[in-house]
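# Commentary on secondary and tertiary structure
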Amino acid sequence: MTGFYTLFYKEWLRFWKVSVQTVLAPVLTALLFLLVFGHTLRNTLEPYPGVGYSAFLVPGLAMMSVLQNSFANSGSSLMQSKMTGNIVFVLLPPLSPREFFFAYLLAAVARGLICGAGVLVFTVWFVDLRFAHPQWILIFAALGSCIMGVLGIIAGIQSEKIDQLSAFQNFVILPLTFLSGVFYSIHSLPPFWQGLSHLNPFFYMVDGFRYGFFGVGDVSPWVSAAIVAACLLALSWLTLWLIKTGYKLRH
Amino acid sequence: MVPAIQVEHVVKRYGQVQALAGLSLDIAPGEFFGLLGPNGAGKTTLISILAGLSIATSGRARVMGFDVVEQYRDARLALGVVPQELVFDPFFTVREALEIQSGYFGIRDNRAWIDELLHHLDLGEKAETNMRQLSGGMKRRVLVAQALVHKPPVIVLDEPTAGVDVELRHALWQFIRGLNRDGHTIVLTTHYLEEAEALCGRIAMLKQGEIVANDTTRNLLTRISGCSVKLKLVPHALPAALKPLLAQESEAGFRLALRHYEEVEHVMAALREAGAKVQEMEVQPPDLEDVFVKIMNKN
């Protein structure tokens with residue numbers, strides 16, 4: 001356990017030592033989104049009955065912050081370590097694949113949750129936010145950050161250079177996040193795009209998370225939780241297998 | 001006695017390239033062992049396989065009797081590796097880096113040993129300095145310390161003195177010699193052959209993924225190499241009788257390779273007979289460089 005704990009602690013320190021860049025900056029970005037979109041669209045949209053657009057937007061932005069920062073943490077840490085060569089410090093010791101996996105994952109979850117909490121702490125004063133089912137808020141924040149932490153590990157293992165990780169981030173993570181209903185309810189979309197949104201696993205994370213706040217969602221939180229948990233299990237299995245075989249880590 | 005390192009028919013292929021061609025090697029506990037070879041001979045690949053940084057295509061490798069794949073935990077606990085590249089984690093100070101490395105090896109409180117390492121490697125004053133702010137030599141010392149945090153019985157140093165100044169090189173070797181005296185097995189790769197000659201009790205030479213020589217340093221020097229004679233003649237012309245012995249010619253003179261010291265007499269006679277005027281003459285004892293060149297050319 002000491003090996004696992006140390007790797008987690010090292011990964012924690014790695015982002016915490018530069019928290020202005022890794023925590024404060026993403027929170028500020030989310031606040032800017034709220035300011036711009038919330039202000040310009042507040043009188044034109046009412047996604048759910050009795051829920052103003054700004055209030056609707058906040059959980060979406062918090063979840064977006066959770067997702068993007070969890071991914072960025074494990075992805076960039078692994079990729080940078082591989083690129084600079086200091087990954088050997090982690091590969092030489094007797095750390096098991098599970099210790100390796102869970103240490104990177106837990107640090108990614110920690111950063112994601114801190115960023116998400118940061119968005120909520122700064123916005124809760126300006127919008128009328130409800131906390132209808134806190135247990136669902138916690139469950140989806142945890143599931144979302146886990147799934148993105150795992151995706152970050154996969155992307156970090158796969159990437160040899162910064163641009164490969166950026167491509168994953170810009171062409172996979174960002175579109176899937178933006179098209180997951182962060183800024184709108186998918187009921188406002190034409191039927192074709194609604195159907196397509198249901199194929200996006202990120203949609204279930206955002207929708208389930210938002211259900212925790214307003215008690216209203218586009219699909220049942222149980223369905224969302226089941227889909228997200230199944231994705232998480234499948235991706236975790238794949239990642240553990242990659243680590244065990246040494247894919248792109250141990251040549 | 002269990003060998004400190006045991007390599008059995010290890011093959012490593014990278015696509016079409018064969019880095020190791022069925023290599024076998026045993027290193028006894030307590031040895032100071034040198035692994036020599038030109039670039040691309042497979043030295044670093046072999047070390048990577050021992051350290052678990054690379055997985056062999058076939059064959060087995062063991063450290064202190066532990067298989068590096070099946071018993072990787074025990075094998076890695078028994079091994080300390082100083083990598084060739086000057087790598088470091090820019091987020092941490094020297095002490096943090098060493099504490100973190102100890103933790104990876106399952107050691108919770110390693111302060112006493114870390115302090116000792118810092119002292120021996122002359123890093124005491126830099127303990128709280130960020131890794132980014134250290135010079136290349138200092139970073140190299142930290143790499144050595146990181147490899148030793150868990151007191152491994154087997155220590156592998158992959159070209160540890162490449163690009164290192166003379167002072168640090170001497171300090172480093174003094175320290176490593178001390179570890180060897182204390183019973184640690186040392187495996188060293190280096191391009192400085194005089195370094196290997198001075199330090200290693202036994203040497204294996206690699207070429208294209210195969211071992212082409214494996215013997216004690218003394219045997220390699222005496223069995224394979226004779227002495228050599230450096231000559232500066234006026235005018236710059238070597239008598240025909242000595243041409244078969246010519247090993248090297250430059251503006252500074254000729255270098256003749258002899259199998260035995262007795263052949264010096266033959267050289268003198270040939271020079272007298274040809275009426276050559278000797279401006280400078282130096283008889284040199286056998287050195288590892290000659291052995292290395294001979295073995296590499298032979299294979």
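## Quick notes on the overall build of chain B
Per the secondary structure count, chain B includes 10 helices and 14 strands. Here the C-alpha coordinates of chain B stretch approximately 75 × 45 × 35 Å along the principal axes. By residue count, 40% of the 299 residues in chain B fall in the buried class.

## What about the domain arrangement of chain B?
Residue and element names in this part refer to chain B. Considered domain by domain, chain B is made up of domain 1 (5-222) and domain 2 (226-298). Relative placement of domain 1 and domain 2: their C-alpha centres are 38 Å apart. Taken together, the contact between domain 1 and domain 2 spans 12 residues of the former and 8 residues of the latter.

## Some words on the environment of Gly116(A)
Residues and elements named next belong to chain A. Mapping Gly116 onto the fold places it in helix α5 (residues 97-123). For the pair Gly116 and Gly60, spaced 56 residues apart in the sequence, the C-alpha separation amounts to 9.9 Å. For Gly116, the contacting residues outside a window of four places in its chain are Ala62, Met63, Ser65, Val66 and Ala141.

## Brief notes about the sheet that holds strand β5 (residues 66-67) of chain B
Residue and element names in this part refer to chain B. With respect to topology, 4 strands assemble into an open sheet ordered β2-β1-β4-β5, the strand pairing being antiparallel. With partners counted over all chains shown, the strands left at the sheet margins are β2 (17-27) and β5, one partner each. In this sheet, strand β4 (residues 58-63) lies alongside strand β1 (residues 5-14) in antiparallel orientation, the contact comprising 5 bridges. Bridging across to β4, Glu8 finds its partner in Arg60.

## Some words on the pairing of strand β3 (residues 32-36) of chain B
All names here are of chain B. Counting buried positions over the 5 residues of β3 gives 5, a clear majority of the element. Two elements, β3 and strand β8 (residues 185-189), share 4 bridges in a ladder whose sense is parallel. Bridge pairing in β8 places Phe33 opposite Val187.

Basis of the calculations
Residues numbered from 1 in each chain as written. Chains lettered and ligands numbered in written order. Predicted model: local features only at pLDDT ≥ 70, side-chain atom pairs only at ≥ 80, totals over all residues. Helix = DSSP H or I, 4+ residues; strand = E, 2+ residues; numbered from the N terminus. Buried ≥ 20, exposed ≤ 12 C-beta atoms within 10 Å, placed from the backbone. Domains from an automatic or database assignment. Contact = placed C-beta atoms within 7 Å. Pairing = 2+ DSSP bridges.

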